[in-house]
Amino acid sequence: MHRVLITDPLSNHGIEQLLQAEDVEVIQKTDLTPEQLLEEVKEADALLVRSQTQVTAEVIAAGKRLQAIGRAGVGVDNIDIPAATSRGIVVVNAPDGNTVSTAEHTFAMLISLARNIPQGYRSTVQGEWNRKQFVGVELNKKTLGIVGLGRIGTELSKRARAFHMKVLAFDPYLTQERAQKIGVTQATLDEVIAQSDFITVHTPLTKETRHLINRDAFNRMKDGVRVINCARGGIIDEEALAEAIRKGKVAGAALDVFETEPPGHHPLFDFPQVIATPHLGASTREAQENVAIDVAGEVLHILRGEPFKNAVNLPSIPAELQEKLRPYQTMAEKLGSFASQAAEGALQEVTVSFSGELAEWDTAPLTRIILKGVLSHYLSDVNYVNAPHLAKERGVKVTEQKISKRHGFTHLIRIHIATDTGEIAITGALLNGLGPRIVRIDEYSVDVEPAGHQLLIQHHDRPGAIGRVGTILGDHDVNIAAMQVGRRDIGGRAIMMLHVDKAVPEALLEALEQLDEIHRVTAIDL
Ligand SMILES: NC(=O)C1=CN([C@@H]2O[C@H](COP(=O)(O)OP(=O)(O)OC[C@H]3O[C@@H](n4cnc5c(N)ncnc54)[C@H](O)[C@@H]3O)[C@@H](O)[C@H]2O)C=CC1
Ligand SMILES: O=C(O)C(=O)COP(=O)(O)O
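Bear in mind that the values here come from a model prediction, so they are computed numbers and not experimental data.

Inspection of helix H6 (residues 117–125) places Gln119, Gly120 and Ser123 among the buried residues, and these make up the whole buried set. For H6, the arc enclosing every buried residue in end-on projection is 100°, short of the 170-degree limit, so these residues lie on one face. Turned more than 90 degrees away from the buried face of H6, the exposed residues are Tyr121 and Val125.

Next comes the structure, spelled out in structure tokens:
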């Protein structure tokens, strides 16, 4: 039974699939104190949150069973992603479900700012009739500067254009072609800052975007500029904003998000030019249903070991590539596991070479799988999420190579492992009708199915060696299912690969090592 802990309010309709699933127990506890969260997360296999729950490294460490953290929304700045990655926990979000709601909310803020609607409302319901004080400005023909033209920024730009605004957009990933297609003018951050009548930010909160709109930026803005933040508190420096309003540079600011949430009585609220909402961008019935459905589905897939798509801490793989690589996945992991078990000494370097048709594709996902297979021999709790991180942390150099030569096979995967005492190379291929095969161990050609219990024996090619090995196995009641011998020269170094019916006992390994002609015996379990 998978236990899913939900600690922020999620749409019940959205999480229906979790509530109905027979293999899932849902625990919904909102408004937990940090101490209560540390306690509750201990037994959870998955944690589902919105922006309120702070998923710190401490929470992640307490969640010993956690396999997935689901964010029913976009921003994951409340989740310690590096901590989740190093513990092999997949973080998934729901990037599409609240785009329109947030763009609409930003547009509502834009109009409210231009026409003083919140201020006008407050004054009117207090019995005043202040028509002169709340004279606004038109949006028509004004310049809207958008910083961050992602999903929300793009949706917002369409609405602004419908109101006949000129839209300037700055986004480091925006191409001229895409800007033209969307109908915005591509600009630098400086141009957006200096030329806009309204400036709105739609980036995630990162090291680069924290205080992106700072004192210096405000100084360079047009007099009477109006600014909006419906993305994340902290992208606009709140102190610098207060100063700019005080100096008369900024005529109005609309804030849906704050550096600290809830903000309490924020000093900015003392300015009549500031309007605010309590992080409502994604708070519509539709958006909440969408994001909950998306993230609940993703978390179910992760818990059930099925493919999922919106991982924040795993590179995304296009569906077409996923389809192409799928047949190779099991073999890749087995080859990695085989190579690491066959190697001796402390792991230093893993070099993965793909040849033939594999060399034409993006094989990074396969390398990640191979690395998981390799590292699982040395470390516990390795998975696809943390394998590259763990390799880096331990100073293991990982290299991927592409070789277009085919060597008579349509493709080959070669894994070379270097340790402090030696090296080994395992080469495998998927053979038509036969499935995965190890076709080479170092320089020896073999045909070994990477499965079950195997014995790799490195020996000196001598008459009677095979017979003596067979006798010792028989004496230990270990049946040989298949056997392969590889050698380069008569009487030289050689290998035996034995597929045996059960795990090899330690005493058998010791008995084999006593034989004169044997250099090394390794039991491999796949
Ligand atoms: N107020 C609310 O309730 C909501 C707030 N959000 C916030 O809005 C943000 C944006 O959401 P989406 O548009 O869905 O994300 P997105 O990932 O589609 O777009 C973000 C864009 O920001 C750009 N960007 C990144 N760093 C930048 C920089 N230094 N300067 C300029 N552009 C930069 C990226 O290239 C990307 O195009 C989220 O990260 C989240 O924090 C999202 C949903 C609801
Ligand atoms: O999706 C986002 O990034 C949001 O900011 C929405 O936050 P919420 O889920 O409403 O707490």
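There is more to say after this.
The next thing to look at is the confidence of the model for the protein chain. On average, residues of the protein chain score 95 in pLDDT, and 100% of them are at 70 or above. Scored as a whole, the predicted complex attains pTM 0.84, and scored at its interfaces, ipTM 0.99.

Inspection of the secondary structure puts Val469 in helix H16 (residues 465–475). When the C-alpha atoms of Val469 and Glu104 are compared, they prove to be 75 Å apart, with 365 residues separating the residues in sequence. The residues touching Val469, leaving out its near neighbours within four places in the chain, are Ile457, Met496, Leu498, Leu512, Leu515 and Ile518.

Attention now moves to the site of ligand 1. Near ligand 1 there are 25 residues, and of these Arg151, Ile152, Asp171, Cys230 and Asp256 occur at the shortest range. Separating an oxygen atom of ligand 1 from a side-chain N or O atom of Arg232 is a distance of 3.4 Å. Side-chain polar atom of Asp256 to a nitrogen atom of ligand 1: 3.0 Å apart, as the coordinates give it. The class makeup of the residues in the shell around ligand 1 is 12 nonpolar, 9 polar and 4 charged.

Turning next to the site of ligand 2. The environment of ligand 2 is made up of Arg50, Ser51, Arg71, Ala72, Gly73, Val74, Gly75, Asn98, Arg232, His279 and Ala282. In this structure, an oxygen atom belonging to ligand 2 sits 2.8 Å away from a side-chain N or O atom of Arg50. Ser51 is positioned with one of its side-chain polar atoms (N or O) 2.5 Å from an oxygen atom of ligand 2. Isolated, ligand 2 exposes 310 Å² of accessible area, and the fraction of that covered by the protein chains is 90%.

Attention now moves to the sheet that holds strand E13 (residues 347–356). Pairing is mixed across the open sheet formed by 6 strands, whose spatial order is E14-E13-E15-E16-E17-E18. The outermost strands of the open sheet, each flanked by one partner alone, are strand E14 (397–403) and strand E18 (444–448). Within this sheet the neighbouring strands show an average axis-to-axis angle of 20°, counted without direction. Strands in contact with helix H13 (residues 319–342) are strand E15 (411–419), strand E16 (423–431) and strand E17 (435–441); relative to E16, the strand with the most contacts, it is inclined by about 155°. Sheet contacts for helix H14 (residues 364–375): E13, E14 and E15; angle to E13, the most-contacted strand, approximately 140°.

For the structure shown, the criterion picks out 3 aromatic pairs. Ring geometry for Phe258 versus Phe269: centroids 5.7 Å apart, planes at 85°, classification edge-to-face. Here Phe258 is found in the loop between strand E11 (250–255) and strand E12 (274–276), whereas its partner Phe269 is found in the loop between E11 and E12, with 11 residues between them in sequence. Classification of Phe258 by relative accessible area gives buried; the value is 6%.

Here is what the cut-offs are and how they apply
- Position numbers for residues count from 1 along each chain, tracking the sequence in the order it is written.
- Chain letters and ligand numbers both follow the written order, the letters beginning at A and the numbers at 1.
- Local features in this predicted model are restricted to residues of pLDDT 70 or higher, and side-chain atom pairs are both shown and tallied only at a pLDDT of 80 or more, whereas totals for entire chains, interfaces and linings draw on every residue.
- The side-chain numbers reported here are obtained from all heavy atoms of the structure, hydrogens and water having been left aside.
- Only protein chains enter the accessibility calculation, which uses a 1.4 Å probe; a residue is then buried when its area is under 20% of its type maximum, exposed when over 50%, and partly exposed in between.
- Helix numbers and strand numbers start at the N terminus; a helix is a DSSP run of H or I with at least 4 residues, a strand a run of E with at least 2.
- The arc refers to the directions leading from the helix axis to the C-beta atoms.
- As a per-residue quantity, pLDDT reports the predictor's confidence and falls between 0 and 100.
- Only heavy atoms enter the contact rule, under which two residues are in contact if any of them lie within 4.5 Å.
- Here a residue counts as near a molecule or strand whenever at least one of its heavy atoms sits within 4 Å of it.
- The term polar contact refers here to a pair of N or O atoms within 3.5 Å; inside protein, the definition further demands a hydrogen-donor-capable atom paired with an acceptor-capable atom, and it admits residues adjacent in sequence only when both atoms are side-chain atoms.
- Note on residue classes: Ala, Val, Leu, Ile, Met, Phe, Trp, Tyr, Cys and Pro are nonpolar, Asp, Glu, Lys and Arg are charged, and everything else, Gly too, is polar.
- Only the protein chains shown count as covering a residue, and every accessible area follows the Shrake-Rupley method with a 1.4 Å probe.
- Whether two strands pair comes down to DSSP finding at least two bridges between them.
- Helix axes are fitted to C-alpha atoms over the stretch in contact, other axes to C-alpha atoms as well, and angles between N-to-C directions run from 0 to 180 degrees.
- For Phe, Tyr and Trp, rings pair up if their centres lie within 6.5 Å, where Trp contributes its six-membered ring, and each pair is then called stacked (planes under 30 degrees apart), edge-to-face (over 60) or tilted (otherwise).

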